[in-house]
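# Inside the fold
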Amino acid sequence: MGKGALLNLDGAARFYGEGENRVDALLSTDLTVEEGEFICVAGPSGSGKTTLLNLSGLLDLPSSGRVLVLGRDSGALSKGARASLRRELVGFVFQAHNLLPVLTARENVEYSMLVRGLGAKERSERAQSALTSVGLLGKEDKFPRELSGGEQQRVAVARAIAPGTPLVIADEPTANLDSVTGKALMSLLYELKEREGMTFIFSSHDPMVMECAERVITLHDGSIVKDNTK
Amino acid sequence: MILRIALRNLLRNRRRTLYTISAVAFGLLCLIVFQALKVGLHEQMVRSTVGLDAGALQIHAKGHEANIASLLPLPEPQVVEEFLGKTSVTAYARRIKSPALLIANAKSTAVLLSGVERVREPSVTFISENMVAGDYLAPGGLLIGENLANSLGVGLGDDVALMVEGWTGAPFIRKFPVKGIYRTALATFDLGHVFMPLPQAQEFLRADGVVTELVAASEAGGELSAANEVREKLNGDDRYSIRYWGEIAPDVKQLIDLNDSTMALLIIIVYLIVAVGIVNTMSMAVYERFHEIGIQLAVGDTPRSIFLMILTESALLGLIASILGSLMGWLACLYLGKYGVDLTSLTSSNQYFAQSHILKSHLILSDLGWANLLTVTTATLAGIFPALKAVRMEVVEALNHG
């Protein structure tokens, strides 16, 4: 059950281009996400999943309507303030090429805390704890090129959870993983949600991932066509 | 962390980084060597000008025209010498100069006769160091250049006739034995200048006790300030005319200024090339990393930090190239400063190489410092354009890249 509204989309729509070239990536959408939810945004390619996640994670602004994060309208914030709010509230896991290749696993995780101004000791402790929780003990000093795809995704998860942000957004986190690794990753995310009380919104069109979610929002051609809570 | 990321990013494409560093380092090497050779050339030009005849500065009676020999007497030379002793002038000597005609073996040539002090003149000019035969200013004799001796067909001990217009305006002619032969690196000077001891010249010109010129030496580079000091000391006394070497030989001064301007232009061109090279490298590097920069921004990094990271990469490129270029430049200058470049075939009649035809470099530490500072600054500034391009991107646009 939700503990309070974390995110509200109030008629939020996003289109690109103008005139004949206009592409409606997301039509006017209303959505409320409460703290502690474990949500899967499902739908075929081009249905608007990534756009919805970008708006929810303050990476992008709606062309019309509003996106409210903890009651603050993202459109009313300056670019800097929006970045600052994003830093405070959201952790990201992207589909692929998630990590900075010049940093080790530990440094990648620490980096997300460095930009939030955490001290060296705290960064180190949290990074170690996060990497341990995603099962990468002993691989902290490996560079991304030395890790498998699944391990890289787990580093990305560790990076997203280590700073302790209340919301983690993951865009198709299992897309490049085999089914066993994908399932293990989803179990890990759910465990973190249970343990840390974090809110997860992830996109996928993988039935296994949808199966793991507590709430599945289905998009089609830029519109929410189904919103099921288990 | 910024420094670590910047350094590792540079190492990602080692070949590209190496090419860029090599190009910048080579540009810097050329600049350092050209600058050091230019300084060496200018010092040689000044040394030749000062040491051949002009000295650091000359004092004449008011009304004397530069480089025109006249028997206009210098008023109270002993008073001027007292003043000179209280300035930064390191040495000085009295002279009398007159145009003359030298005749020997049915040949004649116009020369400038200089009566100079045997003891004090060598502290100011270097003719005494360039003797090839006989003695420097032996009493009763004449000191002539080797080229002149050869062209007149005379040698040591042979008599030559010298004709002058004396102090009274009457012409005088007398035979003098050649008692000394000198050779500078400037053939034209040797052909046109003859010397004898000052008292002998005064007596020959019927100008007993007359001095027409006081010539002084100073520390290298301090000629103008020495001249200004002398001007200050003689302030208000309008009987004197004081000129430093740059006024006596304005062609040398102008050529040095022209060289400096040309070098400045060369410096601008080289640094423009350095800047374009680094802009190109960094633009490529940033373009390839748009997605990563998007990740960095999404993770929470600030545009300012990304901007600094790219600038740090540029600065590191410049710094490494600077160290490499300086090291190579310093080694090249060490060699050129010791062995120089032999320009004999190009400069045998060049007045700026009167002392030697070997051009040696002189690397000034402050020049090296400036070259390094300019390289690192240019490299850093060259990073601004790609850095701005990176931070102006929207996060989503960056993430979608690649």
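A brief report on the enclosed structure follows. (Residues numbered from 1 in each chain as written. Chains lettered and ligands numbered in written order. Predicted model: local features only at pLDDT ≥ 70, side-chain atom pairs only at ≥ 80, totals over all residues. Heavy atoms only, no water.)

### What to know about the overall build of chain B
Looking only at helices and strands, chain B features 15 helices and 12 strands. The C-alpha radius of gyration computed for chain B amounts to 31 Å, which surpasses the reference 21 Å derived for 402 residues by more than 25%, pointing to a less compact arrangement than a globule. Overall size of chain B, expressed as C-alpha extent along the three principal axes, is 100 × 50 × 25 Å. Taking all 402 residues of chain B together, 52% fall into the buried category. Nonlocal contacts in chain B, meaning residues at least 24 apart in sequence, comprise 77% of its contacts between residues at least 6 apart. Accessible surface computed for chain B: about 18100 Å², of which carbon and sulfur atoms make up 61%. Between the centroid of the 32 positive side chains of chain B and the centroid of its 36 negative side chains there is a distance of 8 Å. (Helix = DSSP H or I, 4+ residues; strand = E, 2+ residues; numbered from the N terminus. Rg over C-alpha atoms; globule rule 2.2 N^0.38 Å. Buried < 20%, exposed > 50% of the residue type's maximum accessible area, 1.4 Å probe, protein only. Contact = heavy atoms within 4.5 Å. Areas by Shrake-Rupley, 256 points an atom, 1.4 Å probe, with all protein chains shown as cover. Lys, Arg positive; Asp, Glu negative; His and termini not counted. Charge placed at Lys NZ, Arg CZ, Asp CG, Glu CD.)

### Digging into the layout of surface pockets
Residues and elements named next belong to chain B. Considering only enclosed or pocket space, the largest pocket measures out at about 610 Å³ in volume. In terms of lining, the largest pocket is formed by 28 residues, of which the most central are Val 46, Arg 47, Ala 220, Gly 221 and Glu 223. Of all the secondary structure elements, the ones that give two or more residues to the lining of the largest pocket are α2 (14–54) and α9 (250–288). Its residues assigned to classes, the lining of the largest pocket comprises 12 nonpolar, 10 polar and six charged. Counting residues domain by domain, the lining of the largest pocket receives three or more from each of domain 1 (2–50 + 252–399) and domain 2 (92–211). (1 Å grid on protein atoms, 1.4 Å probe; cavity = no way out; pocket = protein on both sides within 12 Å on 5 of 7 lines; lining within 4 Å. Points joined across faces, edges and corners; volume = space filled by probe spheres on them. Nonpolar A, V, L, I, M, F, W, Y, C, P; charged D, E, K, R; others polar. Domains from an automatic or database assignment.)

### Remarks on the pattern of salt bridges
Under the defined criterion, the tally for this structure stands at 35 salt bridges over all chains. Linking Glu 122 of chain A and Arg 126 of chain A is a salt bridge whose minimum nitrogen-to-oxygen distance equals 3.2 Å. On the criterion of helical spacing, the pair formed by Glu 122 of chain A and Arg 126 of chain A is a turn pair, its members being four residues apart in helix α4 (residues 120–133). We classify Glu 122 of chain A as partly exposed; its relative accessible area is 35%. With a relative accessible area of 29%, Arg 126 of chain A lands in the partly exposed category. Between Glu 151 of chain A and Lys 139 of chain A there is a salt bridge; the shortest N-O distance is 2.3 Å. A residue pair is termed long-range when its members are at least 10 positions apart, and Glu 151 of chain A in helix α5 (residues 149–161) and Lys 139 of chain A in the loop between α4 and α5 qualify at 12 residues. Given the relative accessible area of 30%, Lys 139 of chain A is considered partly exposed. Here the residues in one salt-bridge network are Asp 53, Arg 95, Lys 97, Glu 121 and Glu 213 of chain B, joined through shared partners. (Salt bridge = Lys/Arg side-chain N within 4 Å of Asp/Glu carboxyl O.)

### Section: helix α3 (residues 105–114) of chain A
The element α3 of chain A is largely enclosed, with a buried count of nine among its 10 residues. Every buried residue of α3 of chain A is listed here: Ala 105, Arg 106, Glu 107, Asn 108, Val 109, Glu 110, Tyr 111, Ser 112 and Met 113 of chain A. Looking at the buried positions of α3 of chain A, the neighbouring elements they touch are α4 and α5 of chain A together with α1 (2–12) and α10 (290–299) of chain B.

### Things to note about the environment of Ala 298 of chain B
With respect to the element layout, Ala 298 of chain B can be found in helix α10. Distance in space between the C-alpha atoms of Ala 298 of chain B and Tyr 19 of chain B is 33 Å, their sequence separation being 279 residues. Here Ala 298 of chain B is in contact with Leu 59, Arg 86, Phe 92 and Phe 94 of chain A together with Val 395 and Leu 399 of chain B, once residues within four sequence places are set aside.

### Observations regarding the packing of aromatic side chains
Throughout the structure, instances matching the rule amount to 10 aromatic pairs over all chains. Their ring planes at 5° and their centres at 5.5 Å tell us that Phe 92 of chain A and Phe 94 of chain A sit as a pair that is stacked. Using a relative accessible area of 4% as the deciding quantity, one classes Phe 92 of chain A as buried. Aromatic pair Tyr 182 of chain B and Phe 195 of chain B: ring centres 5.7 Å apart, planes at 70°, arrangement edge-to-face. In this pair, Tyr 182 of chain B is assigned in strand β7 (residues 171–182) and Phe 195 of chain B in strand β8 (residues 193–197), connecting sequence segments 13 residues apart. Owing to a relative accessible area of 5%, Phe 195 of chain B belongs among the buried residues under this scheme. Over the face of the ring belonging to Phe 15 of chain A we find Arg 22 of chain A, whose NZ or CZ atom lies 3.6 Å from the ring centre. We note Arg 206 of chain B situated over the ring of Phe 172 of chain B; from NZ or CZ to the ring centre the distance is 4.1 Å. (Phe/Tyr/Trp six-rings, centres within 6.5 Å; stacked < 30°, edge-to-face > 60°. Lys NZ or Arg CZ within 6 Å of the ring centre and 35° of its normal.)

### Details of the sheet that holds strand β5 (residues 72–73) of chain A
By definition, the strands of a sheet pair up through backbone hydrogen bonds, in either a parallel or an antiparallel sense. Residue and element names in this part refer to chain A. Strand order in this open sheet of four strands is β2-β1-β4-β5, and the pairing throughout is antiparallel. Strands with a single pairing partner mark the edges of an open sheet, and in this sheet they are β2 (23–34) and β5. In this fold helix α1 (residues 49–56) packs onto β1 (5–16), β2 and β4 (64–69), with an angle of close to 125° to the strand it touches most, β1. (Pairing = 2+ DSSP bridges. Axes fitted to C-alpha atoms, helices over the stretch in contact; angles between N-to-C directions.)

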